[in-house]
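Notes for the structure review
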Amino acid sequence: MSQTAIRIWSGVHTWTSLVCTLFLLMLCVTGLPIIFHDEFEAALNPSVFEPGNPQGPMLDLDQILERSLDNRPGEVPLFMSFDIDRPVVNVTTGPTPDAPGGAMWFERFDQTDGSIVPAPVDAGGVMDFLVQLHTDMFLGLSGKLFLGAMGVSFLLAIVSGVVLYAPFMRKHRFGVLRLDRSLRTRMLDYHNLLGVVTLAWVMVVGGTGVINTLDDVIYGYWRDAALSDLIAEYPDRPVPTPQEMASLDLAVNAAIAAAPDMRLQFVAFPGGTFSTDFHYAIFLHGDTPVTEHLIAPVLVDAVTGEVAGLRQMPWYTKALALSQPLHFGDYAGLPLKLLWAALDILAIIVLVSGLYLWAVRKGYLKFAQRTEVPA
Amino acid sequence: MSDLMRVFGWPALIFALSLGGLVLALLGDGVWDAIGWAGLSSPALAVLWARFRRA
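Let me begin by describing the structure that accompanies this report. Since we're looking at a predicted model, the values are computed, not measured.

**Looking at the sheet that holds strand E2 (residues 88–94) of chain A**
Residue and element names in this part refer to chain A.
- The eight strands lie next to each other as E4-E3-E2-E1-E5-E6-E7-E8, forming an open sheet whose pairing is antiparallel. This sheet does not close on itself; its edge strands, each paired only once, are strand E4 (116–117) and strand E8 (307–310).
- In this sheet, E4 lies alongside strand E3 (residues 105–110) in antiparallel orientation, the contact comprising two bridges. From the neighbouring strand, Arg108 faces E4, where its bridge partner is Val117.

Here it is, written out as structure tokens:
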């Protein structure tokens, strides 16, 4: 590689890194505890859920829905989801069918007696705070998209870093760590080694993180593009009110019957991002390790109860659906989470050492000798 | 051995092992998860080897 090429790539690496480093540090630091959020929640909530009326018949979904609306007068249902390991139904309500996340209300109901199940303890909301900071820095869609842009800058920094790894390593063997040399040299060696061995992981977690920042955009596009034929049938109908809606229980049972190899995941009510203005979108997922991440809705007319059929999802929402586990690292037990944490810590070291090397080169750290041209 | 192979041989192998591990663990449960753990532990093992090998 010519000296000019090295200088150009070095400039790209420096600037793309400087743009994103502080945000990436925030993401890596907040991401570390988030990896274990299920374990934290289980540790903070040792008591096991006891159904209120274990012998009795389960309430149907219409009864649960009625309970939730009595509990939140004047609100409309947005989502309903189902716990896997206990008879608990979760209902999200809001002031309007298209209410933003901050205005939504999430409540858990015991399906055996309709009582409210207390929310799990979250140590003063620490985990919620970290997740919100990690997702959009409390800035909504613009915060999300901003972090997505930081992720793109990070990916460019990674690619340019790999290009610069070649001239740096021409004189060294793989894994060189000159531990008897200056702090700057040791930082440089660690930066290069840790950077190159974590390459696949940071590209996957960074790339899927960028895709995840586009979730609102992707589902919004899907809704407008893939469900437009269903909307066209009803040019002038308003979003039905809860009183006008057909039986949810019958709709869900019809959806399950329409997709025998799939399992119920959640219901999106009319007027939100995940459905049309006139349908229940009853989302089901597959029952194999890969397809359990892939959801597809059965659309049911929310007034007449007529089943419009199962809609397969397009490639872009499937890509989004698979980006979530690949970002969270929650698909292969605790060992994978521990590896996720280890790789996250290595990535933090790469970020900090990179920042250090830049500061030394700029002369901001006078005590460190400038002896070599950093890669 | 070409320069490129010498510089990128080990990194490419670790890249393939980690990426393979990431994907295989997603494709199945049980033994697939274990293959995933093994593949994805290669970066940390490489760092430990580089740090603690005899010079």
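**Considering the pattern of salt bridges**
Residue and element names in this part refer to chain A.
- For the structure on display, the rule yields eleven salt bridges over all chains.
- Measuring nitrogen to oxygen at the nearest pair gives 2.7 Å for the salt bridge that ties Arg311 to Asp229. Of this pair, Arg311 sits in the loop between E8 and helix H11 (315–328) while Asp229 is found in helix H9 (residues 228–232), placing the two residues 82 residues apart along the sequence.
- What emerges from the salt-bridge pattern is a single network uniting Asp38, Glu39 and Lys337.

**Here we look at the interface of chain B and chain A**
- Contact with chain B, which involves 27 residues of that partner, is made by 37 residues of chain A.
- Both sides of the chain B and chain A interface together cover about 2,800 Å² of buried area, and 77% of this is carbon and sulfur.
- When the buried surface of chain B facing chain A is broken down by residue, Leu22, Leu26 and Trp37 of chain B rank first, second and third, together holding 23% of it.
- Linking chain B with chain A are six residue pairs in polar contact (both at pLDDT 80 or more).
- When residues of the side of chain B that touches chain A are traced back to their parent elements, those giving at least two are helix H1 (3–27), helix H2 (31–40) and helix H3 (42–52) of chain B.
- Looking at which element gives the most residues to the side of chain B that touches chain A, the answer is H1 of chain B, with 14 residues.
- Taken together, the residues that form the side of chain B that touches chain A break down as 18 nonpolar, three polar and six charged.

Cut-offs applied
- Every residue gets a number counted from 1 within its own chain, in the order that chain's sequence is written.
- Chain letters and ligand numbers both follow the written order, the letters beginning at A and the numbers at 1.
- In keeping with the model being predicted, local features are shown solely for residues with a pLDDT of at least 70 and side-chain atom pairs are shown and tallied solely at 80 or more, while totals for entire chains, interfaces and linings include all residues.
- Working from all heavy atoms in the structure, the side-chain values ignore hydrogens and water.
- When DSSP finds at least two bridges between two strands, those strands are taken to pair.
- Helix and strand definitions follow DSSP, with helices as H or I runs of at least four residues and strands as E runs of at least two, each counted in order from the N terminus.
- Think of a salt bridge as a Lys or Arg side-chain nitrogen and an Asp or Glu carboxyl oxygen that are within 4 Å of each other.
- We call two residues in contact whenever any of their non-hydrogen atoms come within 4.5 Å of each other.
- In this description, buried area is defined as the sum, over both parts, of the accessible area (probe of 1.4 Å) that is lost when the two are combined.
- A 3.5 Å cut-off defines polar contacts: any pair of N or O atoms within that distance qualifies, except that in protein one atom must be a possible hydrogen donor and the other a possible acceptor, and neighbouring residues in sequence count only when both atoms are side-chain atoms.
- Asp, Glu, Lys and Arg are counted as charged, while Ala, Val, Leu, Ile, Met, Phe, Trp, Tyr, Cys and Pro are counted as nonpolar; the rest, among them Gly, fall into the polar class.

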